[in-house]
Amino acid sequence: MIQTPSMGTRIMSQNQSATLIVDRMSCASCAGRVEAGVGTLEGVSEASVNLAAETLRVAVDDSARLPDINKKLDDLGYPARKASVELSVKSMSCASCVGRVDKALATVPGVIDVAVNLASETAKVTYLQGVTTPNALAQAATDAGYPASVAGADAALDREAEKEEEAKGLTRQVIIAACLAVPVFILEMGGHMYPPFHHFIGQTIGHQASWIIQFLLTTAVLVGPGRAFYTRGIPALLKGAPDMNSLVAVGTLAAYGFSVIATFVPSLLPDAVRAVYFEAAAVIVVLILIGRLLEARAKGRTGAAIRKLLRLQSREARVERDGQVIEVSVDDLKVGDVVIVRPGERIAADGVVLEGASHVDESMITGEPVPDEKTVGAKVTAGTVNGAGGLRISATHVGADTVLSQIIRMVQDAQGAKLPVQGLVDKITMWFVPAVMTIAALTVAVWLIFGPDPALTLALVAGVSVLIIACPCAMGLATPTSIMVGTGRAAELGVLFRKGDALQGLADVDIVAVDKTGTVTQGRPELTDLVLADGFDRAGVLAKVAAVEAQSEHPIADAIVRAARAELGGFPDVDQFQTVTGHGAMGQVDGVTVLVGADRFMAREGVEISGLTAQETALAESGRTALYAAIDGKAAAVIGVADPVKPSSKAAIAALRAKGLKVAMITGDKRETAEAIARETGIDQVIAGVLPDGKVAALQAMTKDGEKIAFVGDGINDAPALAVADVGIAIGTGTDVAIESADVVLMSGDLAGVVNAHEVSARTMRNIKENLFWAFGYNVALIPVAAGVLYPVFGILLSPVLAAGAMALSSVFVLSNALRLRWIEPAMADEKPATPAPVLKEAHV
């Protein structure tokens, strides 16, 4: 097994062998299948399993074969163990840097997937355990010229501090550079703007002395505040991997070098072209530093949502141990610990209340502003804030297993995701800087060959302008900044994108299919109707029926019992209780036999129900589940039970349809019930009476014409449908967020969240397209202008100083545009599901 980065590198480069950790192997047959399956792959010369160590040693002709081996193991059902690590990567300044870091990490043997994020300055790498290590990955990025380290748990907070420190440092550099560059600008450009000033300089210190002063001040700018452009850009250029720093370095050095020759060795230049461009070199550095200062501040704001979540985590907790209450770090908490929560404190772990009563602010989980009452037995969540009462809780989930930690991981994963649209951007930007340098060289050549006098001066101005105005920074920031801000704002609205590509996919869906129970409806039946036969009174029938149903665990039985308790306060005991599977239940109550069940149960027991069948049919057609009750052999009543529609479902469905989306409902319930709910809520299409695997077939049938579909369900029984849909949206319950089948999780358990999720998705994708249009359009439009295409007709040649200003502003524009997503308003306000009091409709037949 590879133990160290250096050993890993040596083994893969010389012996072309690696050791993978393989899961699910339990016997010699498993080992044989793995060896046989992997051994047949092209390029594999050896495949040897160590069952005791659960490892597979492979010898290959090229380490690039490892992803194929990984896929084969997945297909065989014995997956190689994988891990993910987030690296903090420094010195990335543009999209070209992103491409080089991506390439450096992707070429490390054992790496499966890489996602580099310029906005957060991170790289998330998925790799095969046993083949490489996080430290080896960090070293690979460092060797490529981008110092990297493994990010800690509080990496987002660390990055915030780093950005604040970076902004302070850049502020100092800008001030120093500006103080040095302003005199240079005035000395040189003052005479061009105001001719008498030119004569004043000549009559006082002299033009040669003026150039020498400009040389000294500009040298101080380049060596001091602008030094990083050269220490990073020149080595990158010499390695054949130029980046944004290389463009700035070559452009400013060209202007500076020409000016130095004009100042100190004028004989090398014709008199007609003898001029200095010290002000261009100095002011370019100032403007680009200003752009990077604004960029650093904007980047610091893109991760605001994740930092808010991190700050919700408690650092310490008061725990009962050995009869004493002590303070411990939350990292030392264990499941089963009794945690003391004082008034006003943030709860440190998920748990159950053992003692005390209080109101807890759970707005960070549910979005509900009203604190929720907590008494003995109630569940509490880490990160929520206790009110005025004290609580003793038993910790059920601690550390990385808490709801808050799950939320943070989901948001981090989404923010670091690479959307499909980013693939094209990456391909273009990898070649962008070399292409710009080629265009700049051709520009200089064309001006020297075909340009009017002074051709050398015009060639220099045009070439430097092309180098400076090109902006791969904006291209690299266009997508990740929007993703970071959009997913962060979504989390604040109670929408968690578990998978980054869902952010793009949800904006493209044509159909939203929803489950019924627990999604459109409350998921808890309520007693709605009690139609009595002649000779029976409501209180007597309800009490006897509830006595029988109290022994059942069926949700419908629970609805009847809750209604009886609310109406009557209680009911008698039952004797000789028994259930008849698929039919109903029966028992002795107050000396009489009570039957409760379906029509087939009544028929089996010889109870005549013809006088109530019309009422049973009417209830079924109105969406109720209808049951019969018989007392002492006579039909006593028809009972109607329904699962109430959630308060916001109708409005949410209307909002989705207003967005041009078709809404369908797929349910295992009866068609009559489903169609009644569809009529009530405005659903377009109903597919009823299907099992979980039938929902998958229904989804596939609805998308046969190539339409994209999102499925909304509760994440448990609907797991197959959630997995097969283009976008699976799981309705959470405020604390149940670990739903592995879904792409998107809604915290509030409300269909309004689907509307908000679609709104965030659509707005974010529109924002990304605006950014990409600006970033690419800016370069397509202004690089030719910088090269001088307007000069032959209009006599316009772009100044390198103006080019630097435009370049700096392009990145600032992209970041500022992305930050607008922080103010996305919810398309619908989530409504906390309420449990209405039973509404009993009494009737007599």
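Bear in mind that the values here come from a model prediction, so they are computed numbers and not experimental data. (Residues numbered from 1 in each chain as written. Predicted model: local features only at pLDDT ≥ 70, side-chain atom pairs only at ≥ 80, totals over all residues. Heavy atoms only, no water.)

Novice: Break down the overall build of the chain for me, with residues and values.
Specialist: On a plain count of helices and strands, the chain comes out with 31 helices and 30 strands. Residues classed as buried in the chain amount to 53% of the 845 residues present. Of all intrachain contacts in the chain linking residues separated by at least 6 positions in sequence, the fraction that spans at least 24 positions is 70%. For the chain, the accessible area works out to roughly 35700 Å², and carbon and sulfur atoms hold 56% of it. (Helix = DSSP H or I, 4+ residues; strand = E, 2+ residues; numbered from the N terminus. Buried < 20%, exposed > 50% of the residue type's maximum accessible area, 1.4 Å probe, protein only. Contact = heavy atoms within 4.5 Å. Areas by Shrake-Rupley, 256 points an atom, 1.4 Å probe, with all protein chains shown as cover.)

Novice: Give me the sheet that holds strand 11 (residues 350-356): which residues, what numbers.
Specialist: One open sheet holds the six strands; their spatial order is 9-8-10-16-11-14, and the pairing between them is antiparallel. The open sheet has two free edges, formed respectively by strand 9 (324-329) and strand 14 (379-380), since each of these has just one partner strand. (Pairing = 2+ DSSP bridges.)

Novice: For the sheet that holds strand 5 (residues 111-117), give the residues involved together with the corresponding values.
Specialist: As summarised here, the arrangement of the four strands in space is 5-6-4-7, forming an open sheet in which the pairing is antiparallel. Here the strands that pair on one side only, and so sit at the sheet edges, are strand 5 and strand 7 (148-150). Within the sheet, the average angular offset between the axes of one strand and its neighbour, ignoring direction, is 25°. Looking at chain direction, strand 4 (residues 82-89) and strand 7 are connected through three bridges and run antiparallel. (Axes fitted to C-alpha atoms, helices over the stretch in contact; angles between N-to-C directions.)

Novice: Before we move on, can you summarise a negative patch on the surface with the specific residues and values?
Specialist: Judged by side-chain charge, Asp-508, Asp-510, Asp-705, Glu-707 and Asp-726 come together as a negatively charged surface patch. With respect to the helices and strands, Glu-707 occurs in the loop between helix 27 (692-702) and strand 27 (709-713). (Patch = residues over 30% accessible without salt bridge, like charges linked within 9 Å, V, L, I, M, F, W, Y side chains within 5 Å. Salt bridge = Lys/Arg side-chain N within 4 Å of Asp/Glu carboxyl O. Lys, Arg positive; Asp, Glu negative; His and termini not counted. Charge placed at Lys NZ, Arg CZ, Asp CG, Glu CD.)

Novice: Give me the pattern of salt bridges: which residues, what numbers.
Specialist: Under the counting rule described, the total for this entry stands at 23 salt bridges. Here Glu-54 ties to Arg-81 by a salt bridge, and the two come within 3.7 Å at their closest N and O atoms. Highlighted residues: Glu-54 in the loop between strand 2 (44-50) and strand 3 (55-60) and Arg-81 in the loop between helix 3 (66-76) and strand 4, separated in sequence by 27 residues. We classify Arg-81 as partly exposed; its relative accessible area is 28%. For Glu-759, the salt bridge goes to Arg-763, with nearest N and O atoms at 3.5 Å. Of this pair, Glu-759 and Arg-763 are both found in helix 29 (residues 752-787), four residues apart, which corresponds to roughly one turn of the helix. For Arg-763, a relative accessible area of 25% corresponds to the partly exposed category. Shared partners join several salt bridges into a network, and the residues in it are Asp-23, Glu-54 and Arg-81.

Novice: So, the UniProt feature "transmembrane region" (unreviewed entry) in the chain: which residues are in play, and what are the values?
Specialist: The feature "transmembrane region" (unreviewed entry), as given by UniProt, occupies residues 174-193, 205-226, 247-269, 275-294, 428-450, 456-479, 772-791 and 797-819 in the numbering adopted here. Helix makes up 77% of residues 205-226 and strand makes up 0%, while its end C-alpha atoms are separated by 28 Å. In residues 275-294, helix accounts for 85% and strand for 0%; the two terminal C-alpha atoms are 33 Å from one another. (UniProt positions renumbered as here; feature names shortened; annotations may be inferred.)

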